Amino acid sequence: MFVDDLRKDFYERLIGKRVVVIVNYDIDAICTSKILQALFKYDNMLYSIVPIMGISGMVRAYNENKDDAKFVLLINCGGCIDIVDVLQPVEDVTFFICDSHRPYHICNVYSDAQVQIIGELGHDDKVPSFEEIFQDTDNEEDDDEDDDDEVENSDDEEKGSRERTRLQRIEERLLKRRQQRVWEEKRNRIMFEYTQFSYYGRSSALTIFELAWHLSKDSIDLLWWAIVGLTEQLLLGKVESSTYTLATDSVQSHVSRLTNKASDQAIQTSVKINFENDLHLALYRHWSVLDSLKYSIYPACKMKLWTYKGEKVMHELLVDMGLPLVQAKQTFNAMDLELRKEFYDKMEKFSEKYHLPDIIYGSFILQYGYRNKYSAADYVYSMLAILESIKKDRTPETCFLQSMDALSRNNKEILDGGIDMCKTLLSAIFRQVQSSLELHAVYSAGPFLYFILQEEIPFFTCPYGLLMLARFLLRGHVAISRNRRAQELPLIAVAPIDVNRGLSLLVGVPPVCEDSKNFFGKAFEQAALKSGATVSQDFFETAVIQIRHSDCTKFLDALTVLLS
């Protein structure tokens, strides 16, 4: 069921209670938990934050903490699975789910009270009605045994009457069974249509920020964390740009309100958020213009910068902009002041000539102190690289907590360290795309494209890194392909993650021409059953699975048959 009043039916119920907060391993979820931490500290509440990476992690986290709390808050996890069936809780435990993954599991939607969903249905969330999915079957076959009480001494007329009654009951039962079969077929069709695509709803960070606003406990920092959560959805292709633009409209009103509030109260603060047009160039304020152009997915694919011809086009763009190569190779802040001031206007001026119509988008900029200026995208890229930096001596929990620390303004060195790590990540993705396209390593299976990485590369052993590579590779392939159908085909990327155990990570990304909805989750499930491949669909992103490397061929064959 959905929570109608977040203040009364959710937050005020938690005050004075111990809360277990289980948080998925993604940036929007981290931003959400950071906002919640601020609220909980304000009200001196007892809470535990537990980061997790999948369904098995969620089960383990719940079992380890279930004796400590009767209220469990799930951030960006649990909404798409039957949470009561998976966790088997006692009846007095209440689950609050704030999850941007869609579609919601139908049992969570129609739970009486134990499962409560924070948020509201969007126009894409076409949840079937209760009657279409659930049916009372208690009285289905009550009268099955009523026909065996024949009295031997009845006359022919009574026997005939009983025979007619018995036949009538048989017909009624057959009719009921036929109706039941028709109802079940309809239910299966409705459920398939409801669950066939996975997609994302509203940013959880934005939802919880608006709770803070209604509680009159919002601030510039809380708003910034919500903006970072929203921006992650755009940069990683989780939502369409139109959805992001609509969300920024409401965020702008909060920016104005909080700025005016600070002015009205004569609070002297150097912290401010500005909404302005920005460029789809990764980290360009902290990198060189040349590197940012080359390693950003949008300009790289539009100008085919992995080719000699593409490099030549990029240099022509720099000449048109009046930006000398020696300046373009320097860090942005080291460029001449005049060139820096003109950079955005020049990019906008020549965007049409170089076929970069969508290079500009509305973004939020955080400025504090004299020299600290970061876009929301800078924060996303930095946190992303920190989350991906799992090593033998760096556990996922360590990376999670460090990524959360990067959100605080007094941890500027962590943020900057993440930005440097992300430069390395983006460079590695570009080099892999370049070599894969040069070697023609993207193959067509008919209904989809696929790419198999042959060696274990640290950057692509985590879902985020491999998904970024897959999206870049697909757009790069479409840019150079002569096949008109290329933009209608999705891509599957496979990368080894544990050579010793023979395990690989497999991800699916939707076609370039389609929106952010992904059909691979259901398709992977059915292909695994048909092929007998050993897979693990443990991630909350259903289009990401683990698979035995030796099973990849038969799995892809089954998927080809399924989607043909």
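Predicted model, so just to flag it, every value in this text is computed and none were measured. (Residues numbered from 1 in each chain as written. Predicted model: local features only at pLDDT ≥ 70, side-chain atom pairs only at ≥ 80, totals over all residues. Heavy atoms only, no water.)

With respect to the overall build of the protein
Working step 1: From N to C terminus, the protein includes 21 helices and 16 strands.
Working step 2: With the principal axes as the frame, the protein shows a C-alpha extent of 115 × 60 × 45 Å.
Working step 3: Here the protein, with 564 residues, has 51% of them falling under the buried criterion.
Working step 4: Within the protein, contacts between residues at least 6 apart in sequence are counted, and of these 71% link residues at least 24 apart.
Working step 5: Accessible surface, the protein: about 27300 Å² in total, of which carbon and sulfur atoms supply 48%. (Helix = DSSP H or I, 4+ residues; strand = E, 2+ residues; numbered from the N terminus. Buried < 20%, exposed > 50% of the residue type's maximum accessible area, 1.4 Å probe, protein only. Contact = heavy atoms within 4.5 Å. Areas by Shrake-Rupley, 256 points an atom, 1.4 Å probe, with all protein chains shown as cover.)

Observations regarding the sheet that holds strand 3 (residues 71-75)
Working step 1: Read from one edge to the other, the open sheet built from five strands follows the order 2-1-3-4-6, with strand pairing classed as parallel. Unpaired on one side and paired on the other, strand 2 (46-52) and strand 6 (115-117) mark the two borders of the sheet. Averaged over all neighbouring strand pairs, the angle between strand axes comes to 20°, with direction disregarded.
Working step 2: Relative to strand 2, strand 1 (residues 18-24) runs parallel, the two being bridged by seven bridges. (Pairing = 2+ DSSP bridges. Axes fitted to C-alpha atoms, helices over the stretch in contact; angles between N-to-C directions.)

Let's talk about the side chain of Thr-248
Working step 1: In this structure, Thr-248 sits in helix 10 (residues 241-264).
Working step 2: Ignoring sequence-local partners within four residues, the contact set of Thr-248 consists of Leu-230, Phe-275 and Phe-364.

Here we look at helix 2 (residues 27-42)
Working step 1: For helix 2, spanning 16 residues, the distance from its first C-alpha to its last is 23 Å, which sits close to the expected 22 Å at 1.5 Å a residue.
Working step 2: By the N-cap criterion, in which a side-chain oxygen at the helix start approaches the backbone nitrogen of a residue two or three places on, helix 2 is capped by Asp-26, the distance to Asp-28 being 3.1 Å.
Working step 3: Phi for Asn-44, located one or two positions after helix 2, is positive at around 50°. (Expected span 1.5 Å × (residues − 1). Polar contact = N/O pair within 3.5 Å; in protein donor to acceptor, adjacent residues only side chain to side chain.)

Quick word on the pattern of salt bridges
Opposite charge on two side chains permits them to pair, given that their charged atoms come into close proximity.
Working step 1: Under the definition given, this model contains 16 salt bridges.
Working step 2: In this structure, Glu-311 and Lys-294 form a salt bridge, with 3.2 Å as the shortest nitrogen-oxygen distance. Placement of Glu-311 in helix 13 (residues 308-320) and of Lys-294 in helix 11 (residues 289-295) is noted, with a sequence separation of 17 residues between them.
Working step 3: In this structure Glu-311 comes out as partly exposed when scored by relative accessible area, which is 25%. (Salt bridge = Lys/Arg side-chain N within 4 Å of Asp/Glu carboxyl O.)

Let's talk about the nonpolar core
Working step 1: In terms of nonpolar packing, the biggest core is built from 142 residues, with Trp-224 and Phe-343 touching the most fellow members.
Working step 2: It is helix 9 (residues 220-235) that provides the largest number of residues to this core, a total of 11 residues.
Working step 3: Beyond its immediate chain neighbours, meaning those up to four positions away, Trp-224 contacts Ile-273, Phe-364, Ile-365, Leu-366, Tyr-374, Ser-375, Ala-376 and Tyr-379.
Working step 4: Residues Ile-22, Val-50, Ile-52 and Ile-81 belong to the second largest nonpolar core, which totals 19 residues. (Core = buried A, V, L, I, M, F, W, Y, C linked by side-chain atoms within 4.5 Å.)

Comments concerning the packing of helix 2 against helix 17 (residues 396-405)
Working step 1: Packing of helix 2 against helix 17 leaves a shortest axis separation of 10 Å and a crossing angle of 65°. Classified by the interaxial angle, the pair formed by helix 2 and helix 17 is roughly perpendicular. Note on packing geometry: the crossing formed by helix 2 with helix 17 is right-handed. Mapping the contact onto sequence places Ile-30, Ser-33, Lys-34 and Gln-37 in helix 2 and Phe-400, Ser-403 and Met-404 in helix 17.
Working step 2: Partitioning the contact of helix 2 with helix 17 into residue classes produces three nonpolar, three polar and one charged. (Parallel < 35°, antiparallel > 145°, perpendicular 65-115°, else oblique. Left-handed = near helix turned anticlockwise from the far one by under 90°. Nonpolar A, V, L, I, M, F, W, Y, C, P; charged D, E, K, R; others polar.)

Comments concerning the pairing of strand 14 (residues 503-509)
Regular strands place their side chains on alternate faces of the sheet.
Working step 1: Of all seven residues in strand 14, seven are buried; the element is thus mostly enclosed.
Working step 2: Across seven bridges, strand 13 (residues 491-498) lies against strand 14 in antiparallel orientation. Bridged to Val-494 within strand 14 is Leu-506.
Working step 3: By the bridge criterion, five bridges tie strand 14 to strand 16 (residues 544-548) in an arrangement that is antiparallel. Within strand 16, the residue paired with Leu-506 across the bridge is Ile-545.

Comments concerning the packing of aromatic side chains
Working step 1: Under the defined criterion, the tally for this structure stands at 26 aromatic pairs.
Working step 2: Centre to centre, the rings of Tyr-11 and Phe-40 are 6.3 Å apart; their planes meet at 20°, and the pair counts as stacked. With Tyr-11 in helix 1 (residues 6-14) and Phe-40 in helix 2, this residue pair connects regions lying 29 residues apart in the sequence.
Working step 3: By relative accessible area, Tyr-11 is classed as buried at 1%.
Working step 4: Looking at Phe-40, the relative accessible area reads 1%, which means it is buried.
Working step 5: Put simply, the rings of Trp-224, Tyr-368, Tyr-374 and Tyr-379 pair up and form one aromatic cluster.
Working step 6: Above the face of the Tyr-368 ring, Arg-409 is positioned so that its terminal group lies 5.8 Å from the ring centre.
Working step 7: The ring of Tyr-199 has Lys-517 lying over it, and the distance from NZ or CZ to the ring centre is 4.8 Å. (Phe/Tyr/Trp six-rings, centres within 6.5 Å; stacked < 30°, edge-to-face > 60°. Lys NZ or Arg CZ within 6 Å of the ring centre and 35° of its normal.)

What to know about the confidence of the model for the protein
Working step 1: A residue-level look at the protein finds 94% of positions with pLDDT of 70 or above and a mean pLDDT of 89.
Working step 2: pLDDT under 50 marks residues 139-152. Its contacts with residues more than four places away, or in other chains, come to 15 contacts.
Working step 3: Ignoring residues within four places in sequence, the model shows residues 264-268, a span with pLDDT below 50, making one contact including any to other chains. (pLDDT = per-residue confidence, 0-100.)

Some thoughts on the state of the cysteines
Working step 1: Using the criterion set out here, one finds zero disulfides in the structure.
Working step 2: The thiol of Cys-80 is unpaired, and the distance to the nearest cysteine sulfur, on Cys-77, comes to 10 Å.
Working step 3: Relative accessible area serves as the criterion here: at 28%, Cys-80 is assigned to the partly exposed category.
Working step 4: Summary of cysteine pairing: Cys-107 is not part of a disulfide, and the nearest cysteine sulfur, belonging to Cys-80, is at 13 Å.
Working step 5: Owing to a relative accessible area of 27%, Cys-107 belongs among the partly exposed residues under this scheme. (Disulfide = S-S within 2.5 Å.)

A few points about the packing of helix 2 against helix 16 (residues 376-388)
Working step 1: Helix 16 packs onto helix 2 with a crossing angle of 105° between their chain directions and a minimal axis gap of 10 Å. The orientation of helix 2 relative to helix 16 falls into the category roughly perpendicular. Along its contact with helix 2, which presents Ile-27, Ile-30 and Cys-31, the element helix 16 presents Val-380, Met-383, Leu-384 and Leu-387.
Working step 2: By residue class, the composition of the contact of helix 2 with helix 16 is seven nonpolar, no polar and no charged.

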